[in-house]
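What follows is each chain in one-letter form.
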Amino acid sequence: MAPITLHSHSCQHCQRLIVDESQKAKAPRDGEERNFIHFEFTASDIIAGDANGCSLCTWLLDEEWIHRSVIVDPLAETRVRFGFESVLAAAAEAAIRIDERMPPTNPDNTLRRFYAQTGAEEMADLRLAYFCNDNLTIRFFGLWNTAAKHMVYRSRSGFSFFASPGNPALRMISTRPVEEQAGLQDVVERAAAWLKECIHGKIRGTKIHAVCPAPSEDYMPTRLIEITNNDGQFELKVREMKGCPTEPYAALSYCWGGDQATKSTQALLPQWMISIPWDKLPQTLQDAVTFCDKLHIRFLWVDALCIVQDDPNHKAREIAQMPNVYRNSIFTIAASRASNVQEGFLGERIATEFPDLVFELPYRVTRPPALGSITLIKTKIEPEPLDTRGWALQERLLSPRTIEFGSRQLRCICQHNPRGIIDGWRLHPETNSSRQDKLSDTVVLQFDALQDQPAHAQRAGFEEAMENWFSLVKVYSHRRLTLPTDRILAISGIAERYGRVFGDQYCAGLWRSTFAKALYWKPTHEGGKMHPRPQAWQGPSWSWISVNGPVEFPRFKSTGEHEPQIIAIDIELANPADPYGALLEGSGRLTVRARMSPAVLRFEERRDGMLEVFAGSISMGGGNDIFQIPITYDALETEEERGENNAVFLELSTVLGEQKWSTKGLIARGEGNDTFTRIGTFDYTTSDERSRQNDESLEAWQKRMHYEFCWFSGNKEKVVDIV
């Protein structure tokens, strides 16, 4: 194996910056101090190091820093209830560690500038520290006031770090150098050994990877690419597999990056069944063929060539078969690092995009005591291109084995070992909101297992599986689709497995048995971004497939006095043979019996550009007061739509408890004839000031609630449709 060669900077000043995590085990320190590792190095030492040519000190001076007055002080001035002052103070100090609390980027706010403006007398003795909570990164540096025992400045960013082979720091640091290439022979041998163990490995007659299914003995895709290696020259062709003996094959999961120059069409397929010219293949497909050949796999499935792209009927049938294709492959090649089919995945890797910012610091270890070193590098921790692609999630999760070629490492993943076997860098994948490596419900891959379980275990398994489904949809919804109308299709393979195991009815992305809970889905609007309402119909408004962007399903207990009563769910499928696939446009009529009240919407744009939406109405309780509450808005409507005066509260759950009153439901717009479209959700619980007081009797509390709240108590239930 050959790690990438990096030229790191180290000097007499760097050698004073000894990383010593044993500090955490020493005498206890107060408050925030215990969360940082402190160097015997001050701000004046940084100035001196920069003057003497220390590149790390120069970076520290020229990096963006944030003063505590921007983050901590405003929070510390917040008014709180008596007795909670110490809690607020601790929370305010901790806020400097939270990246989400950081102000917008301003590269002019360098430490060099602060030092020049504030002066050496005030800053010179501030002590350099760093925050590291995972032994993978120095998340940021800070300047610590030892007298006041708090952080005064923090850097915007930090570094990843690793330990080289043979270094004493390896006892504590799991991250290794990035390997130069992914397709080296020793890597292939390691992958082959993992593959053999996953499929055939046994200890005393017991399968080692018990949760990893073996390839099917009676399934083959409609077509495969046949690979023949004649003395180093590849001969390729598309082969019809009907009637052929079952053969092991690999599947490819990759980013197209636009229309494909080389693909199967009705006109070209006969030619590809004779021969596919090597020079016609883009680099990702060439790399997939090369890797399969090294592992002695003769067949490869690639959607662009194995599906006739200009035959809509054939394409629809093959898309419905894609879950079976990936599930029955011997392994899936995930070309994660390539953003398009021309880039390939076996080429040289890049450890860092900032080769001039590589530093070596001493690292002190114990048991036995030794002084090693770590290498600091700047890395962009971003989702791999394939992790942002909607279709690739089910390709990953339904594949029993995946060999992933990432930007900095190769990872062999299976259900038995979802962390995977690697060739360098980090033991765990670099996580992000759109990545998921394991289908938590392994029974979904091995659906026959439930038949041998008792009924109570099946019920418990079902409830857990539904929670896992909600989590999976949350991950999936962060991903992008070239065609947003594919939002229901690109997860249909996983839905089919859940439906097959649990026998539940699939309703446009929701499950019938958890429908009342699932109706509370809501968009997360991460980063303050609200997606516009899609122009093309993607699904009924009551389903998350009708909007774009991330969604989530909040947890709650269905204990309300007025839960939604589902009367009917009318869905028409585009293909009746595929209950987990696309719907006919306009299909999906939900009929419910619920209480409603007219709603007036108010839109308010905050300083940061985020749109806040409020809904108000006249309470139908005893007080007949006007109320107004914030709501969650599903998608950004046009100015014309926002101006329409046709919104309603649709109450789904109201609870009058012994301490608080709460109500939840949907916000919808009227379409006429008791038909509505969903546009948001509401969720209100009385605040401490308005909830039951300590000296208030239960009878007085309930009487007050019926007068001040119980907004829907005067409304009669009505049968309405949501489309």
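Since this is a predicted model, take the numbers as computed values, not measurements.

Further remarks concern the overall build of the protein chain. Each helix and strand counted, the protein chain has 17 helices and 31 strands in total. In terms of C-alpha radius of gyration, the protein chain reaches 30 Å, essentially the compact-globule figure of 27 Å for 723 residues. Projecting the C-alpha coordinates of the protein chain onto the three principal axes gives extents of approximately 85 × 80 × 55 Å. For the protein chain, the residues scored as buried account for 52% of the 723 residues in total. Sequence-distant contacts in the protein chain: of pairs separated by 6 or more residues, those separated by 24 or more amount to 69%. Within the protein chain, the 96 negative side-chain charges are centred at a point lying 3 Å from the centre of the 81 positive side-chain charges.

With that settled, consider the pattern of salt bridges. This model, assessed by the stated rule, comprises 32 salt bridges. Notably, a salt bridge pairs arginine 68 with glutamate 93, separated by 2.6 Å at the nearest N-O pair. In this pair, arginine 68 is assigned in helix H3 (residues 68–76) and glutamate 93 in helix H4 (residues 85–94), connecting sequence segments 25 residues apart. Taking the relative accessible area as the measure of exposure, arginine 68 reaches 9% and is therefore buried. With a closest N to O distance of 3.3 Å, lysine 660 and aspartate 688 form a salt bridge. With a gap of 28 residues between them, lysine 660 in the loop between strand E28 (647–656) and strand E29 (661–672) and aspartate 688 in the loop between strand E30 (675–685) and helix H17 (698–708) connect regions that are remote in the sequence. A cluster of three or more residues bridged by salt bridges with shared partners is formed by Glu226, Lys237, Arg239, Glu247 and Arg298.

This part covers the layout of surface pockets. What the largest pocket holds in volume is close to 1,100 Å³. Considering the residues around the largest pocket, the lining is formed by 40 residues, among which Lys315, Ile319, Trp391, Leu483 and Asp486 are closest to the centre. Of all the secondary structure elements, the ones that give two or more residues to the lining of the largest pocket are helix H11 (312–327) and helix H12 (390–398). Per-element accounting of the lining of the largest pocket gives the leading share, six residues, to H11. Per-class residue counts for the lining of the largest pocket are 19 nonpolar, 13 polar and eight charged. Size it by volume and the second largest pocket reaches roughly 900 Å³. Around the second largest pocket sit 27 residues that line it, and Asp99, Thr137, Arg139, Thr379 and Ile381 are the ones nearest its centre. The set of elements that each furnish at least two residues to the lining of the second largest pocket consists of strand E4 (137–138) and strand E7 (159–162). Counted by class, the lining of the second largest pocket contains eight nonpolar, nine polar and 10 charged residues.

Before going further, it helps to spend a moment on the pairing of E28. In terms of burial, E28 is a largely internal element, nine of the 10 residues being buried. As judged from the five bridges shared by strand E25 (residues 589–605) and E28, these two strands associate in the antiparallel manner. Pairing of alanine 599 across the sheet is with alanine 647, part of E28. Here E28 runs beside E29; their pairing, made up of nine bridges, is antiparallel. Each bridged residue has a counterpart across the sheet, and for threonine 654 the counterpart in E29 is threonine 663.

Here we take up the environment of proline 270. Relative to the helices and strands, proline 270 resides in helix H8 (residues 269–272). The class of proline 270 is partly exposed, set by a relative accessible area of 48%. Sequence-wise, proline 270 and valine 238 are 32 residues apart; in three dimensions their C-alpha atoms are separated by 8.8 Å.

Parameters at a glance
- Residues numbered from 1 in each chain as written.
- Predicted model: local features only at pLDDT ≥ 70, side-chain atom pairs only at ≥ 80, totals over all residues.
- Heavy atoms only, no water.
- Helix = DSSP H or I, 4+ residues; strand = E, 2+ residues; numbered from the N terminus.
- Rg over C-alpha atoms; globule rule 2.2 N^0.38 Å.
- Buried < 20%, exposed > 50% of the residue type's maximum accessible area, 1.4 Å probe, protein only.
- Contact = heavy atoms within 4.5 Å.
- Lys, Arg positive; Asp, Glu negative; His and termini not counted.
- Charge placed at Lys NZ, Arg CZ, Asp CG, Glu CD.
- Salt bridge = Lys/Arg side-chain N within 4 Å of Asp/Glu carboxyl O.
- 1 Å grid on protein atoms, 1.4 Å probe; cavity = no way out; pocket = protein on both sides within 12 Å on 5 of 7 lines; lining within 4 Å.
- Points joined across faces, edges and corners; volume = space filled by probe spheres on them.
- Nonpolar A, V, L, I, M, F, W, Y, C, P; charged D, E, K, R; others polar.
- Pairing = 2+ DSSP bridges.

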